[in-house]
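Residues per chain are reported as follows:
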Amino acid sequence: AELAAALQTLQTTGGRGPAELRAAKRDTFRKIISLVSVGMDMSGLFPPMISSANLSPDDLVLKKMLYLYITHYASQVPDIALLAINQLHKDCRDQDPTVRGLALRSLCGLRVANFLEYVVSPVAMGLDDRHPYVRRTAVMGVLKILHTNEAVVHAQGLLEKVHAMLHLDTDPQVLSNCLTVLTAAGESGVLAADATLVYSLTNRIKDFSEWAQCQVLELVALYRPASESEVFDFLNTLEDRMGASNSAVVVAAIKAFLHLTIDMTATHQQVLERVRDPLRSLIGRESPSTAYAAMSHALLLVQRAPFVFEQDYAAFYCRAHDPWYIKKVKMEALAAVASPANVYDIVQELSEYTHDVHAPTARDAVRAIGRIALSVPDAPGVIERLLSFLDGGGADGGPGGGGGGLGEPLCSETVVQLEDVLRRFPEVILVCLPQLSELAPAGLETADARAAFAWIAGQFGKDFADAPTALRRLAAGWAGEQAGVRLALTRAAVQLFLKRPPECRTLLGTVLPLALEDDDPDVRDAAVLYYKLLKADPHSAATVVSPPLMQVAAFSEDLSQEARDAIFREFNTLSVVFRSPAASFVDAALQRGAVAGNAGDGGGGEAAPPADLLGPSGADAAAAMDGGAGGAETMLLDLEDSVEEPTDAGGGGDGGGGGSLDALGCIGLNGGGGGGGTDLSDLLGGVDGGGSGAAGAAAPVAAAPGVAGSTGAGLWGLEDLVPGGGSAASAANPGAAAAALTEDLQLDPTAAVSAAVFQSAWSKCGVAQRSSEQLSAATVEALQANNHRDFSDHMAQAYIMTAASGGTPPTLKFYLFGQVAGAPKALFLVEMSVRTDAQTCDVTVKSTAPAALLPQFMERWSMCLAGFHR
């Protein structure tokens, strides 16, 4: 009200002089703009603001503040903003070019679709204005109209006018704006095909601003010269851009050089040699962002032509003050540029980085040495240097290890790298065995390392004398291991059993029942497969589970040559930094111009949506986990199929000598061998079933722990894997099972569970789901903010309520629950443990609700948790 009254008084002179009145108006307008900037609604002052400014038409400062006010509120109060159109149109015809340009810019910035008819005419007139400032503004006005309504731009022929200006106008900034507009309109390919235009812009490149120079160089990179002499003309003209002070200009010039010579092999190699010095200069800059972008581009070129850079490997050495992310890329470049001529120096340098106080950087150094071992296999001492990092690591401390220092991280990463090395060069296992035999796998820090150790032990079990003992220790921590480790351990146990049956019978009897009852469907399904293979024919099982190791030429983690070529075509874009083509992270509609301009680029199609991981297959897995009412009786086996009948043939006990597969007949895995020996339940539970054939036939052998008896429900919830399987209930009412899988989850928004009820339900339920993920530092900080209330309120929006939260860093605990609507006893219980130092989140889910609803709850949980990530 006070400001409105002040504006009313400013509409008359009130006995004040022109200078005093102007100062009063500016002061009032300044107050209004400051209040607008802090979010206060000043739209009610629209009419008096316009009236007050109109009384001082020669005050440019006042006009600027008025235009700022108009563009801010035009989209909110379009009816009132219509009052300003006449004033803006009038100012577009003002004699002062600054006023004309400001008015035109404000008119194009109204962002009201219904006002387009009032915008097109001033923009068209501005394109022909005599002053370059107005023309620059008018050209950018065409882009704003294009974003609002593309059809209007084409109908009015505005793009054709911009095309003409690109050939005729003499102002560098106008030409730059024209390039921007036409590129955004998807006209890059058309521009690059105009040789006259490309030549004209190239010859005038020094007249442009640095931003405009980048645009011209991008256009040159798209141009296809007609002859080699034309290529050399461009290279000579643009040579000095390699030494520009602006890093963006240098990288754009490098792209132009590389793309112009892409079809000239010898010249292209000379260009790669020419760009080494500019890249080295950019990498050495003190700005971390500039150095990282330059290093990412250098890495792409090193991977494309390592022989060109192998003499300059010292340029990629890490400096003490480099951020960790720059060190990471530099070490990748060192691994890529390694050759027999420089491998010793590079490995020596990388070994120094393993002492870095930042553990991830030390692991990256070990990883780089592992990559070198793969790419330079003939270099002496690389494998030995990698093995040296196993000393002092892997102390037996259970899953996750923990002994402090850098020994454990280095040891864990070394085991992971050795797995890759052995996949490609299995013959080096004999060199690795002495150090591997001294490791305690349960003490390895990361799950990947423990899974890698299990793979090595299973694959090379014949040579690895201590493999059974090591895997038994690893199996002792089964409940606390991640699914990947449990899966690797299951396969390793079967592989070792097939290689050394007498020694590994106990190991398999420990691991296989645990895997058959595992909560993870991948682990459980693998155990089902292995069991059925062993039961059917152990000799055939050996060819499936433990076939001859094939040498791996390329790993899935490595970018394919097609992906690298696609990224190279998008040189000097975020694709290089993200190491992925733009189509994988940019919406197709937003990259219209870039796609249209990149000749030969297969992109442009809309990226495929991510697969639905909780679709029908996830529901089927949940149904298998549930297994119906049979509980422990419904997991894998129909005991009538699982217990082998003893035969009259004589046989030994379980301690048969020798390690051949013939020994399998002694423990009842063969269909007809070894009568009187231990049957399959002995394998799974360690129950000795010795005795005569008659005795064996008269008395059924006790089932393994968790294995159904012969009168049980049968197939442990996996009836579809066994011909003729299936419970009577599901056979009688298949429609009910289908309905359970398609039931929609509805959570109660008013759910309330006491601590006693939560604890009671938690103690009675088995684990339904486990997961772990890495969090960012910002997410960890957000979880702790406001005494955890921000996170609790966020999850409550999905009706996942917080029962309790607390703890002190580095360990925070959150207990949450979701209650199925209309079913007070159907609960999903969640324990989320956050480690603030490691920035990890471990989630355990238990449920008293129908198992078919679990995938839907997990999907809702994952989406809510992802929505809270910072």
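The rules we used
- Residues numbered from 1 in each chain as written.
- Predicted model: local features only at pLDDT ≥ 70, side-chain atom pairs only at ≥ 80, totals over all residues.
- Heavy atoms only, no water.
- Helix = DSSP H or I, 4+ residues; strand = E, 2+ residues; numbered from the N terminus.
- Buried < 20%, exposed > 50% of the residue type's maximum accessible area, 1.4 Å probe, protein only.
- Contact = heavy atoms within 4.5 Å.
- Areas by Shrake-Rupley, 256 points an atom, 1.4 Å probe, with all protein chains shown as cover.
- Polar contact = N/O pair within 3.5 Å; in protein donor to acceptor, adjacent residues only side chain to side chain.
- Pairing = 2+ DSSP bridges.
- Axes fitted to C-alpha atoms, helices over the stretch in contact; angles between N-to-C directions.
- Salt bridge = Lys/Arg side-chain N within 4 Å of Asp/Glu carboxyl O.

Peer 1: Give me the lowdown on the overall build of the chain, citing residues and values where you can.
Peer 2: Tallying secondary structure elements over the chain gives 46 helices and five strands in all. Looking at the chain as a whole, 48% of its 870 residues qualify as buried. Once local pairs closer than 6 in sequence are excluded, the contacts in the chain between residues at least 24 apart make up 68%. Split by element, the accessible area of the chain, about 39,100 Å² in all, is 54% carbon and sulfur.

Peer 1: Could you give an account of unusual backbone geometry, with specific residues and numbers?
Peer 2: Note: most residues except glycine have negative phi, and most peptide bonds are trans. In this structure, the amide linkage connecting Pro 809 to the following residue, Pro 810, adopts the cis form with an omega of 15°. Inspection of the secondary structure assignment puts Pro 810 in the loop between strand S2 (801-806) and strand S3 (811-819). The phi dihedral of Asn 786 is positive, around 55°, even though this residue is not glycine. Structurally, the position occupied by Asn 786 is in the loop between helix H44 (777-784) and helix H45 (789-796). For Asn 786, a relative accessible area of 47% gives the class partly exposed. Positive phi, close to 65°, is recorded for Tyr 799, a residue that is not glycine. Note that Tyr 799 resides in the loop between H45 and S2. Classification of Tyr 799 as partly exposed rests on a relative accessible area of 35%.

Peer 1: Quick one: what's the story with the environment of Thr 202, residue by residue and with numbers?
Peer 2: With respect to the secondary-structure elements, Thr 202 resides in helix H14 (residues 195-203). Among the residues examined, Thr 202 registers a relative accessible area of 3% and is labelled buried. Along the sequence, Thr 202 and Val 216 sit 14 residues apart, while their C-alpha atoms lie 6.9 Å from each other. What Thr 202 contacts, discounting residues up to four positions off in sequence, is Val 216, Val 220, Phe 234, Thr 237 and Leu 238. Within the structure, Thr 202 has its side chain in polar contact with the backbone oxygen of Val 198 (distance 2.7 Å).

Peer 1: So what's going on with the sheet that holds strand S5 (residues 840-847)? Residues and values would help.
Peer 2: Working definition: the strands of a sheet are paired by backbone hydrogen bonds and lie parallel or antiparallel to each other. Ordered by their spatial adjacency, five strands build an open sheet running S1-S5-S4-S3-S2, and the pairing between neighbours is antiparallel. A single partner strand is all that each edge strand has here, and the edge strands are strand S1 (767-774) and S2. Averaged over all adjacent pairs, the angle separating strand axes in this sheet is 15°, with direction ignored. Pairing geometry for S3 and strand S4 (residues 827-835), over nine bridges, is antiparallel. Directly across from Lys 813, in S4, lies its bridge partner Ser 833. Each of S2, S3, S4 and S5 touches helix H43 (residues 755-764); the most contacted strand, S4, lies at about 90° to it.

Peer 1: Can you tell me about the pattern of salt bridges, naming the residues and giving the values?
Peer 2: Where side chains of opposite charge bring their charged atoms close, a pairing between them can arise. Summed over all chains, the structure comprises 30 salt bridges. The closest approach of N and O atoms between Asp 322 and Lys 330, which form a salt bridge, is 2.9 Å. Pair check on accessibility: Asp 322 and Lys 330 agree, each one buried. The residue Arg 367 makes a salt bridge to Glu 413 at a minimum N-O spacing of 3.3 Å. Of the two residues, Arg 367 sits in helix H24 (residues 359-375) while Glu 413 sits in helix H26 (residues 407-424), which places them 46 residues apart along the sequence. It is possible to trace a salt-bridge network through shared partners that takes in Arg 276, Asp 277, Arg 280 and Asp 312.

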